[in-house]
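# Inside the fold
Chain residues, written in single-letter form:
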Amino acid sequence: MNITHIETLLLDIPTIRPHSMSFGTINAVNILLIRVYAENGLDGIGEVVTLGGPTWSEETVETAKVIIERYLAPLVLGKNLLRIEAIVEEMDRRVKGNLFAKAGIECALFDLLGKAYNLPVYALLGGKCRERVPLSWSLAIGDIEAELEEARRLMARGHRIFKIKTGVGDPEHDIERVAALRTTLGESADLRIDANQGWDVATAIRTIRKMEPYYLTFAEQPVPRWDIEGLAEVSRATTIPIMADESICTPQDALRVTRQRAARIFSLKLTKSGGFLATKKIAAIAEAAGIPCYVGCMIETSVGTAAYLHFTISARQVSYGCELFGPLLLQDDIVINPVRYTEGHIEAPEGPGLGITLDETKIRKYCRSS
Ligand code: MG
């Protein structure tokens, strides 16, 4: 079955509240929706989400659109759907980097393959390791009272895992936020922090050590992504396990971080790594090194969330849960059958491919006019 054409569409969906991270505050997510069509009329869907421009990495939804239309689509058109690894290899050979763009295409190919053979994507990836995944919610307001209120409300609904977005302002304020959450929520809450590269090594060591009495499950990406030696230094200086996120995009990154023993946990994301196949390779490196994994997100709609979820339930190395809360933070979704949440978990999706059906009315509503 050959691929006949590819469509891309830019959308923006507001969040339910401002979401602050070390690199800025977002009030909406930018989305690139990708549809890949086969000769029998079936189509597959992929989604790329970035956080307000080239903030998390060099890529944006706008660059992904251009890269796909001008450079990746010609490599994919006319190709046989049963050759996804070979298609990805050619995309990697002909186009450097641009992993979000490649992940969006690869996701649409897997959705299409699943629909063509009436199998969910997780089955194509090896099948289920679990039926549902514990969900982490990100506290990213910065105001202590507002965060306590949000956390209490979620705990009343069975939610237990919270990741506190730090590295925005004064590190002492981050310590106060962590202390207040631990004191108020008690021992049953699972608290983690993510500095999104916001600290230098000295600040990271000082701040994370001061957080040790509040027994965090992990501290994520305290220092800039390029500073692997610094990450290792922080890792050695604290009892809190350090998780690498921005420092690990490719399998080569994962190998480097592993060799330097720079992190004790890996955060996996399909889009930062170029898709399912590359992320599987990173999980394999983690497994070989005895490193557990977590699955992060870029605040996707149910489309991208479903893609991450198919990976997550099929990846045995994921034992620290996931943060696939995108549809809960967005004011609206673009599908008819959103992903399902129960008791602080996200449920395995069903149906062929991603198991997602787009809502064309919503797509028209949030589609960019220019
Ligand atoms: Mg992160």
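Everything below is about the structure printed above this text.
Counting restarts for each chain, with residues numbered from 1 along the sequence as it is written. Under the rules for a predicted model, residues below a pLDDT of 70 receive no local features and side-chain atom pairs below 80 are neither given nor counted, while totals for whole chains, interfaces and linings still include all residues. To get the side-chain values, all heavy atoms of the structure are used, and hydrogens and water are removed first.

## Describing helix α5 (residues 144-156)
Here α5 spans 18 Å end to end across 13 residues, near enough to the 18 Å set by a 1.5 Å rise per residue. Contacts: residue pairs with any heavy atoms within 4.5 Å of one another. Numbering of helices and strands runs from the N terminus; a helix is a DSSP stretch of H or I covering at least four residues, while a strand is a stretch of E covering at least two. Where the residues of α5 are buried, they touch β1 (3-21), β5 (136-139), β6 (161-165) and α6 (171-185). The opening residue of α5, the one whose side-chain oxygen lies 3.4 Å from the backbone nitrogen of Glu-145, is Asp-143. Gly-158 sits one or two positions beyond α5 and adopts a positive phi of about 95 degrees. One less than the number of residues in a helix, times 1.5 Å, gives the span that helix is expected to have. Pairs of N or O atoms within 3.5 Å make up the polar contacts considered here, provided that, within protein, one atom can donate a hydrogen while the other can accept it, and that residues adjacent in sequence are counted only when both atoms are side-chain atoms.

## What to know about the packing of aromatic side chains
Aromatic rings from Phe, Tyr and Trp, with only the six-membered ring used for Trp, were paired whenever their centres fell within 6.5 Å, and each pair was classed as stacked if the ring planes differed by under 30 degrees, edge-to-face if by over 60, and tilted otherwise. One pass over the full model with this rule turns up 5 aromatic pairs. Ring geometry for Phe-110 against Phe-276: centres 5.1 Å apart, planes inclined by 70 degrees, an arrangement best described as edge-to-face. Note that Phe-110 is positioned in helix α3 (residues 99-117) and Phe-276 in helix α11 (residues 276-289), a separation of 166 residues in sequence. Each residue gets one of three labels from its accessible area relative to the maximum for its type: buried under 20%, exposed over 50%, partly exposed in between, using a 1.4 Å probe on protein chains only. Assessed through its relative accessible area of 0%, Phe-276 is described here as buried. Relative to Phe-325, the ring of Trp-137 has its centre 5.1 Å away and its plane inclined at 55 degrees; by these criteria the two rings are tilted.

## Quick look at the pairing of strand β3 (residues 43-50)
Counting buried residues along β3, 8 of its 8 residues qualify, which places the element largely inside the surrounding structure. Covered by surrounding structure in β3 are Asp-43, Ile-45, Glu-47 and Val-49 together with Gly-44, Gly-46, Val-48 and Thr-50, the residues of both alternating faces. With 8 bridges joining them, strand β2 (residues 24-38) and β3 adopt antiparallel strand pairing. The residue bridging Leu-32 from the neighbouring strand is Val-48, located in β3. Only strands that DSSP links by at least two bridges are regarded as paired with each other.

## Topic: the sheet that holds strand β11 (residues 293-295)
Spatially, 8 strands are ordered β5-β6-β7-β8-β9-β10-β11-β12 in an open sheet, and the strand pairing comes out parallel. Two strands lie at the open edges of the sheet, namely β5 and β12 (318-322), each paired on one side alone. Both strand β7 (residues 190-194) and strand β8 (residues 219-220) contribute to a ladder of 2 bridges, which runs parallel. Residue pairing across strands places Asp-194 opposite Glu-220, the latter belonging to β8.

## Observations concerning the coordination of the magnesium ion
Within the protein, the magnesium ion binds to Asp-194 (OD), Glu-220 (OE) and Asp-245 (OD); these donor distances fall in the range 2.1 to 2.4 Å. Distances define the donors: N, O and S atoms within 2.8 Å of the metal qualify, as do those within 3.2 Å of Na, K or Ca. Water is excluded, so some sites may look unfinished. All donor residues of the magnesium ion come from one chain, and their arrangement in sequence is D-x25-E-x24-D. Residue Asp-194 is found in strand β7, and its partner Glu-220 is found in strand β8; the two are separated by 26 residues along the sequence. The exposure class of Asp-194 is buried, given its relative accessible area of 1%.

## Structural notes on the sheet that holds strand β13 (residues 341-342)
Reading across from one edge, β4-β14-β13 is the order of the 3 strands in this open sheet, with antiparallel pairing throughout. Of all strands in the sheet, those with a lone pairing partner are β4 (132-134) and β13, marking the two edges.

## Observations regarding the pattern of salt bridges
We define a salt bridge as a side-chain nitrogen of Lys or Arg found within 4 Å of a carboxyl oxygen belonging to Asp or Glu. Taken as a whole and assessed by the stated rule, the structure comprises 31 salt bridges. Lys-163 is the salt-bridge partner of Glu-220, the closest N and O atoms lying 2.6 Å from each other. Here Lys-163 lies in strand β6 and Glu-220 lies in strand β8, a separation of 57 residues in the sequence. Under the relative-accessibility criterion, Glu-220 is labelled buried at 1%. Here Lys-163 falls in the buried class, since its relative accessible area comes to 0%. A cluster of three or more residues bridged by salt bridges with shared partners is formed by Lys-163, Lys-165, Asp-194, Glu-220 and Glu-323.

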